[in-house]
Amino acid sequence: MSKPSKREDDETEPLKDSYERRIDYLRISITDKCNLKCLYCMPSKGLKPFKDSEILTDEEIVRFVRIARRHGLRKVRITGGEPLVRKDILKLVSSIKKAGIDDLSITTNGIMLSKRAEELKDAGLDRVNISLDSLNAERYGNITNGGDIESVWDSIKEAERTGLVPVKINMVPIRGINDDEIASFASLTIDNNYHVRFIELMPAARNGIWRREKCVTSNEIMEIISKIGEVEIFSFRGKGPSRNYRIKGALGVIGIISPISEHFCGYCNRLRLTADGNIRPCLFSGIRIDVKTPMRRGASDEEIEALYLHAVRIKPERHLLNEDLRAAGLIDTMSKIGG
Ligand code: SAM
Ligand code: SF4
């Protein structure tokens, strides 16, 4: 029997940017709409959403992924806004996976996931990150402006059951709001194979709560975790900016992502595609490369490819947030760019 033929682009190596970083990861924001208003992400009055016509269509997103795939793109995370509010998410997941993506994940607030986990898995989704910033129902409701914590736990359990694993739980500690729960979150990893990821609070121009002193640094987080038990290095910035640890004997993993107190830019392997069709090579830089307008004007694949190559080439070496907080003004809100 003849061997199945290999896709001609199976062997493509990821592109390297000007600083020798391998770019094999794309975060795609598929909507800026959200069913919550987390206090560190959106203003309490909400935001005027993009018009439907401003948002990339399924076909445009998949076309971009296919083109990037030819240059070694292997990993895609779908985000938002809340990705599960987008209609036809299953079709989109399935088309992105079929474009040849090895590792396809979603970041979601978990409010709507439990009912869709199984069909998302069947459509080709590999993993989920679920955001959860408090273990206390009332506090969770306050942080998210009305979210129901039970729905999130149902989603975590359903994600585990359907094999969208390892389930990663994103937690943003904010001083004076939920930083007293860092130890409880870390302890969840002892008996559960969860990856709990602590993300330092980042400035976003319009969330209104950013103050540097509200950000709980990775050193502070480490100090708290070390009191729970012996902490071992699990993997240290293997393929991205997270530093991963395990409490000795625990089933799960603890990740710390510290964009503010340390530079993780040397390990950055990603580009972002915003819901309205701009490539953002760095979250904290004003560089935007519009791919939607050329696509809608009938650009060829070669022209879109050239824009992708350009975005990789001009990816900044690092963000300047620690030297120049005006860079924060470049983040409108995470929900618009896709956190
Ligand atoms: N709605 C989905 C969710 O909440 O998981 C996906 C989009 S949300 C913008 C993606 C991630 O960004 C979430 O884990 C959220 O906690 C994080 N995020 C939003 N604003 C942030 C900020 N100012 N600092 C740090 N992380 C933030
Ligand atoms: Fe919505 Fe996610 Fe932003 Fe919360 S963090 S408001 S769930 S986009």
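Analysis parameters
- Residues numbered from 1 in each chain as written.
- Chains lettered and ligands numbered in written order.
- Predicted model: local features only at pLDDT ≥ 70, side-chain atom pairs only at ≥ 80, totals over all residues.
- Heavy atoms only, no water.
- Helix = DSSP H or I, 4+ residues; strand = E, 2+ residues; numbered from the N terminus.
- Buried < 20%, exposed > 50% of the residue type's maximum accessible area, 1.4 Å probe, protein only.
- Contact = heavy atoms within 4.5 Å.
- Areas by Shrake-Rupley, 256 points an atom, 1.4 Å probe, with all protein chains shown as cover.
- Near = heavy atom within 4 Å.
- Nonpolar A, V, L, I, M, F, W, Y, C, P; charged D, E, K, R; others polar.
- pLDDT = per-residue confidence, 0-100.
- Core = buried A, V, L, I, M, F, W, Y, C linked by side-chain atoms within 4.5 Å.
- Salt bridge = Lys/Arg side-chain N within 4 Å of Asp/Glu carboxyl O.
- Pairing = 2+ DSSP bridges.
- Right-handed = clockwise from strand over helix to strand, strands pointing away.
- Expected span 1.5 Å × (residues − 1).
- Disulfide = S-S within 2.5 Å.
- Axes fitted to C-alpha atoms, helices over the stretch in contact; angles between N-to-C directions.
- Parallel < 35°, antiparallel > 145°, perpendicular 65-115°, else oblique.
- Left-handed = near helix turned anticlockwise from the far one by under 90°.

Caption draft 1: Region of the structure containing the overall build of the protein chain. On a plain count of helices and strands, the protein chain comes out with ten helices and 14 strands. Within the protein chain, the proportion of its 339 residues that are buried is 56%. A sequence separation of at least 24 residues applies to 73% of the contacts in the protein chain between residues at least 6 apart. Carbon and sulfur atoms provide 50% of the accessible area of the protein chain, an area that totals close to 15000 Å².

Caption draft 2: A look at the site of ligand 2. Not every one of the eight residues close to ligand 2 is listed here, only the nearest: C34, L36, C38, C41 and N109. Broken down by class, the residue content of the shell around ligand 2 amounts to four nonpolar, three polar and one charged.

Caption draft 3: The environment of S95, seen in detail. Position of S95 relative to the elements: it lies in helix α2 (residues 89-98). Since its relative accessible area comes to 27%, S95 is described here as partly exposed. Residues S95 and A123, 28 residues apart in the sequence, show an inter-C-alpha distance of 8.6 Å.

Caption draft 4: Highlighting the confidence of the model for the protein chain. Mean pLDDT over the protein chain stands at 88; residues scoring 70 or higher make up 88%. Note that residues 1-5 has pLDDT below 50 and, in this model, zero contacts with residues that lie over four places away or in other chains.

Caption draft 5: Summary view of the nonpolar core. Grouped together as the largest cluster of nonpolar side chains are 89 residues, with contacts concentrated most on I96 and F198. Ranked by the residues each element gives to this core, the list is headed by helix α1 (residues 58-69), at six residues.

Caption draft 6: Summary view of the pattern of salt bridges. A complete count under the given rule lists 17 salt bridges for this structure. D301 is the partner of R66 in a salt bridge, and the nearest nitrogen-oxygen pair spans 3.7 Å. With R66 in helix α1 and D301 in helix α9 (residues 301-313), this pair connects stretches of sequence that are 235 residues apart. The salt bridge partner of E158 is R161, with a shortest N-O separation of 2.7 Å. One end of the pair, E158, and the other, R161, are both in helix α5 (residues 149-162), three residues apart, so they sit about a helical turn from each other. Taken together, the salt bridges that share partners define one network made up of R63, R66, R70 and D301.

Caption draft 7: Inspection of the pairing of strand β4 (residues 75-79) at higher detail. Along β4, four of the five residues are buried, which leaves the element largely enclosed by surrounding structure. Relative to β4, strand β3 (residues 25-29) is paired through five bridges, and the arrangement is parallel. For Y25, the partnering residue across the bridge sits in β4 and is K75. Once you follow β3 into α1 and on to β4, the crossover reads as right-handed. The pairing of β4 with strand β5 (residues 103-108) spans four bridges and is parallel. Residue R77 lies in a different strand from β5, and its bridge partner there is S105. As for the winding sense of the linkage, the β-α-β connection from β4 through α2 to β5 is right-handed.

Caption draft 8: How the structure looks around α1. For α1, built from twelve residues, the straight-helix expectation of 16 Å at 1.5 Å per residue is met to within 8% by its first-to-last C-alpha distance of 16 Å. Within α1, ten of the twelve residues are buried, which leaves it mostly tucked inside the rest of the structure. Within α1, burial applies to D58, E60, I61, V62, R63, F64, V65, I67, A68 and R69. Check the buried side of α1 and you find it contacts β3, α2, β12 (270-273), β13 (278-280), α8 (292-296) and α9.

Caption draft 9: Up close: α2. Regarding α2, the residues found buried are I89, L92, V93, S94 and I96. Looking at the buried side of α2, the elements it contacts are β3, α1, β4, β5 and α3 (117-123). The positive-phi residue at the C-terminal boundary of α2 is G100, with phi of around 100°.

Caption draft 10: Just the state of the cysteines, in detail. If you walk through the whole model with that rule in mind, you get zero disulfides. The thiol of C268 is unpaired, and the distance to the nearest cysteine sulfur, on C282, comes to 6.7 Å.

Caption draft 11: Spatial organisation of the packing of α1 against α2. Put simply, α1 and α2 touch, their axes get as near as 9 Å, and they point 20° apart. Viewed along their axes, α1 and α2 adopt a mutual orientation that is roughly parallel. Here α1 and α2 pass one another in a crossing that is right-handed. Contacts between α1 and α2 involve D58, E59, I61, V62 and V65 from the former and K91, L92, S95 and I96 from the latter. Taken together, the residues of the contact of α1 with α2 sort by class into five nonpolar, one polar and three charged.

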